[in-house]
Amino acid sequence: MSEDQAALDQILAGYRTDEAVLDLGVLMADGEPIPGGRIALPLSMMNRHGLVAGATGTGKTKTLQLMAEQLSANGVAVFAADIKGDLSGIALPGEASEKLLARTQKIGQQWQGRGFPTEFYALGGEGTGIPLRATVSSFGPILLSKVLDLNDVQESSLGLVFHYADSAGLPLLDLSDLQTLLTYLTSADGKAELDGIGGLSKATVGVILRKIVTLSAQGADAFFGEPEFDTLDLLRVTPDGRGVVSLLELPGLMDRPALFSTFLMWLLADLYAALPEVGDVDKPKLVFFFDEAHLLFDDASKAFLEAITQTVRLIRSKGIGVFFVTQTPTDVPEDVLAQLGSRVQHQIRAHTPKDAKALKATVETFPTSGYDLAETLQSLGIGEAVVTVLNPDGAPTPVAWTRMRAPESLMAAMDPQMMATGVSRSQQMATYGTAIDRESAREILTRKLEAGAQAAAQEQEAAAQDAQRQREATATAKQREKEELAAQKAREREEAAAARQREKDDAARAKQAAKARDDAGKMVGRVAGNLFSSMARSAGNAIVRDLFGTARKR
């Protein structure tokens, strides 16, 4: 670009306004800053969202710190994730140095070290900060599916489980509640509960349960639970009118990138649900910085991306501004990128074909300008950026090569002991410091399963008793039948014996009678014989006497 005065004036004219602004820096010309060439972002446009991008070490974090300071000074609350710990110094006044003052004087910045009201948070209390917790129920199936890295089928099944929990009045507060419910719905006692709305595959539930175990092993148990963080606490303003800067300390980010990024999305979604519509405002209620934004979109499901796009599109009307901080604009999906009105693009390095492709895509996202952006973006120094924002009328400002202002707070990490002391004295610690374990799905289902098991045991015992009684009755009947059969056989034997005895007796009597008759016959015979003999002798004698006239007296 031939940077004649007319062209420079045209750029600067695009940034002039009487409204409150965030001073980003000054315009560069011929490689040198123009001290009076103010490049600023209207405060009223901060809820139109934006992007801060650039390669590692080019000044993205310092730009975030600069914007957070000025938002706080203007009474706007700020939330940001402090991934490397660099932002914690925003609570303390910056330390002047020869190099710093030379830089600020060169751009006409009246630098004065000052700190800003800051609250430190930590996911589930891991690290130094007030514990941030959310219940599984409020997190919801779409966000949780992102954390668990579920596919579309598994995500749909998880949605079914959440639907059942809501319908059945089962609070899902922590991961153990979800585990218990999943186990119940595939058990003999609970599998019929979902038959009317599709049911669950035992294999799918097995995958989900294994991924929950993995997530628990990463320490997520400490994050899910109560007391649940009230996201409206992020909108606090101090009595002197400064917005509170809320920093989420993330010392173990790289171990759980999905949990971190999805939690930030939960915060934003919860704010959207809690806040009333306010339309366009002079300044936002809160500006939300998504650092390492690529982690939010990596491997995201279609449903998750749609939820992000919708939230970013609609949350503007709730007075919330969202700025994504990442290395290249291509890290952000096109539907989301289209919602971002302001751009602060630090240096891009194009050392590989992939980098060159990303550079070309980045250039295409900027308004037409007199710069050779492909060259300019690679030649930017540390603390320099190519800027375009929305003016108060909502139109994009001219693209401006900008030397960024220096933050006025400490550009280094706060001393850990000092931070720990501040956290322990915070009023928020009294509210969120101690975990609560109230009755939830785990206890309700455990009682239900225990009651079912007890009823089953009682039924089993009653059935066993009935079976025992049946066996005893059968045995008694068999014994009675056996005894009756034995008695009958005994009677039959007795009757047979009696019959045989009678037959014997009858035979004996018959024999005796026959003998008696025989004896009587013999006697009659003998008597008759004797009589006959006697009569014969008598007759003989008579005949002899008659014949011989003699008789021998005997």
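Please read these numbers as outputs of a predicted model, since none were measured by experiment.

Take the overall build of the protein next. What the protein contains, in helices and strands, is 16 helices and 12 strands. The principal-axis extent of the C-alpha atoms belonging to the protein is close to 220 × 50 × 40 Å. The buried share of the protein, reckoned over its 554 residues, is 44%. Of all intrachain contacts in the protein linking residues separated by at least 6 positions in sequence, the fraction that spans at least 24 positions is 76%. Total accessible area computed for the protein in this model is approximately 27800 Å², and 52% of it derives from carbon and sulfur atoms.

Its location among the elements puts S426 in the loop between α14 (416–424) and α15 (427–432). Accessibility expressed as a relative area gives 11% for S426, which makes it buried. Among the polar contacts listed, one links the side chain of S426 to the backbone nitrogen of Q428, at a separation of 3.1 Å. When near neighbours in sequence (up to four residues on either side) are disregarded, S426 contacts E119 and I130.

A few words now on the packing of aromatic side chains. By the definition in use, this model includes 13 aromatic pairs. Aromatic pair F289 and F323: ring centres 5.7 Å apart, planes at 40°, arrangement tilted. One end of the pair, F289, is in strand β8 (residues 286–291); the other, F323, is in strand β9 (residues 320–326), with 34 residues separating them in the sequence. Taking the relative accessible area as the measure of exposure, F323 reaches 0% and is therefore buried. Members of the aromatic cluster, joined through ring pairs, are F79, F288, F290, F297 and F324. One residue, K318, lies across the ring of Y272, its end atom 4.1 Å from the ring centre. The side chain of R343 reaches across the aromatic face of F366, ending 4.4 Å from its centre.

On the surface, a cluster of negative charge is made up of D18, E19, D282 and D393. Along the chain, D393 turns up in the loop between β11 (384–388) and β12 (400–404).

Here strand β7 (residues 245–249) lies mainly inside the structure; five of its five residues are buried. Where burial is concerned, the two faces of β7 agree: the one with V245, L247 and E249 and the one with S246 and L248 are both buried. Here strand β4 (residues 77–82) runs beside β7; their pairing, made up of five bridges, is parallel. If you follow A80 over to β7, its bridge partner there is L247. Note that strand β5 (residues 118–123) and β7 share five bridges and pair parallel. If you follow F120 over to β7, its bridge partner there is L247.

Cut-off values and rules
Residues numbered from 1 in each chain as written. Predicted model: local features only at pLDDT ≥ 70, side-chain atom pairs only at ≥ 80, totals over all residues. Heavy atoms only, no water. Helix = DSSP H or I, 4+ residues; strand = E, 2+ residues; numbered from the N terminus. Buried < 20%, exposed > 50% of the residue type's maximum accessible area, 1.4 Å probe, protein only. Contact = heavy atoms within 4.5 Å. Areas by Shrake-Rupley, 256 points an atom, 1.4 Å probe, with all protein chains shown as cover. Polar contact = N/O pair within 3.5 Å; in protein donor to acceptor, adjacent residues only side chain to side chain. Phe/Tyr/Trp six-rings, centres within 6.5 Å; stacked < 30°, edge-to-face > 60°. Lys NZ or Arg CZ within 6 Å of the ring centre and 35° of its normal. Patch = residues over 30% accessible without salt bridge, like charges linked within 9 Å, V, L, I, M, F, W, Y side chains within 5 Å. Salt bridge = Lys/Arg side-chain N within 4 Å of Asp/Glu carboxyl O. Lys, Arg positive; Asp, Glu negative; His and termini not counted. Charge placed at Lys NZ, Arg CZ, Asp CG, Glu CD. Pairing = 2+ DSSP bridges.

Read these as spatial facts, not as claims about activity.
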